[in-house]
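# Coordinate analysis (summary)
This is what each chain is made of:
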Amino acid sequence: MDYTQLGRTGTSVSRIVLGTMNFGDRTSEEESFAIMDRALELGVNFFDTANAYGGSAGRGATEEIIGRWFAARPGVRDDIVLATKVHSPMVAPDASGDRPNARGASAWQVRREAIGSLRRLQTDRIDLYQFHHIDRHISWPELWQAMEVLVARGEVVYTGSSNFAAWNIAQANEIAQQRHFLGLVSEQSLYNLAQRSIELEVIPAAQNYGLGILPWSPLSGGLLSGGSSDANARSNTGRAAEMRAAHRDKVDAYELFAKERGWAPSALGLAWLLRQPAVTGPIIGPRTVAQLESAVSALEITLTAEDLGRLDEIFPGPGGQAPEAYAW
């Protein structure tokens, strides 16, 4: 396993991040335990989840599975850098369609949901507490005050963001600096060969402020996975299947390129991300141990300048950093 620093922090994390969104939904608890066991054996020490994950098993179910895994393996917790998120509602809407204060990032919500996540995860701390989405109704002084309290209590170590625009990152960290607080150290963004919008502004902002990029959907929902015979695979359902049909020529060229070099398409997509500026590690979402092992094999792929150029031809990016990408 390869390791790097989490953004500008001194904490070392694996370059493959174990995403757990399938746990309790598409992956049973038994298989989830097997995946986490194998991840640890392979040196993956960075686990990512969210308070609302659980799918058909219900909100919070994924954190509960991870918590039971920790409880059954005394001493393992300190080997894991554990990340979770706050923003999504944890209760069902009432008859009027919603419940006041059920979602977002108010100080009240952040504190309440941190307590809930700690209980479900059966741990005393969250190593990386991430805002799952920007909350435009909350001021940064309110949000940072809430996080400062959690950090002071030892319940949160670092803070990160997810789905933030570049100016959100700049605003958050400028205000954090004014308060003599560390601020954001990572950003989770949609990023893969087929979706490269963050190269315009988010990646330059992350580099400037010392944030590590954690790409989610690194294989574009299965578009770059090479297809699957598994009927339950995301690549065979919904939007992923529609994208595969719409981008057939690009996908065919990509899969041929991978085949010519003897690489699995899924591993190639992850290997490309590992070569991109500011990327700490892609967040993989394996449903099985075999998928986990395939993802980790991306670390064995060495991409040459020629390889990278060919991938740019197949899936062109936005042209680099803004504004040069579209202006003189």
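Residues numbered from 1 in each chain as written. Predicted model: local features only at pLDDT ≥ 70, side-chain atom pairs only at ≥ 80, totals over all residues. Heavy atoms only, no water.

### Digging into the overall build of the chain
Each helix and strand in the chain was counted, giving 11 helices and 10 strands. Computed over C-alpha atoms, the radius of gyration of the chain comes to 20 Å, within 12% of the 20 Å expected from 2.2 N^0.38 for 328 residues, which places it in the range of a compact globule. Taking the principal axes of the C-alpha coordinates as reference, the chain spans close to 55 × 55 × 45 Å. Here the chain holds 328 residues, and 53% of them are scored as buried. (Helix = DSSP H or I, 4+ residues; strand = E, 2+ residues; numbered from the N terminus. Rg over C-alpha atoms; globule rule 2.2 N^0.38 Å. Buried < 20%, exposed > 50% of the residue type's maximum accessible area, 1.4 Å probe, protein only.)

### A few points about the packing of aromatic side chains
Counting across every chain of the model gives 11 aromatic pairs. With 5.5 Å between their ring centres and 50° between their planes, Trp 69 and Phe 70 make a pair best called tilted. We classify Phe 70 as buried; its relative accessible area is 6%. Note on Trp 144 and Phe 181: the rings are 5.3 Å apart at their centroids and 55° apart in plane angle, and the pair reads as tilted. Taken together, the positions of Trp 144 in helix H4 (residues 140–152) and Phe 181 in the loop between helix H5 (166–178) and strand S8 (184–190) put the pair 37 residues apart, joining distant regions of the chain. The pair formed by Trp 144 and Phe 181 is uniform in burial state, with each residue classed as buried. Grouped by ring-pair contacts, the aromatic residues Phe 131, Trp 140, Trp 144, Phe 164 and Phe 181 constitute a single cluster. (Phe/Tyr/Trp six-rings, centres within 6.5 Å; stacked < 30°, edge-to-face > 60°.)

### Details of the sheet that holds strand S9 (residues 212–216)
Ordered by their spatial adjacency, eight strands build an open sheet running S9-S8-S7-S6-S5-S4-S3-S10, and the pairing between neighbours is parallel. Of all strands in the sheet, those with a lone pairing partner are S9 and strand S10 (283–284), marking the two edges. Note that S8 and S9 share five bridges and pair parallel. When the sheet's bridge partners are listed, Ser 186 is paired in S9 with Gly 212. Lying on the sheet, H4 is in contact with strand S6 (126–131), strand S7 (156–162) and S8; it crosses S6 at an angle near 165°. (Pairing = 2+ DSSP bridges. Contact = heavy atoms within 4.5 Å. Axes fitted to C-alpha atoms, helices over the stretch in contact; angles between N-to-C directions.)

### What about the pattern of salt bridges?
If you walk through the whole model with that rule in mind, you get 21 salt bridges. With a shortest N-O distance of 3.3 Å, Arg 153 and Glu 155 are connected by a salt bridge. Residue classification places Glu 155 among the buried residues on the basis of a relative accessible area of 13%. Residue Asp 307 is joined to Arg 261 by a salt bridge in which the shortest nitrogen-to-oxygen separation is 2.9 Å. Residue Asp 307 is found in helix H11 (residues 305–314), and its partner Arg 261 is found in helix H8 (residues 248–261); the two are separated by 46 residues along the sequence. Using a relative accessible area of 30% as the deciding quantity, one classes Arg 261 as partly exposed. (Salt bridge = Lys/Arg side-chain N within 4 Å of Asp/Glu carboxyl O.)

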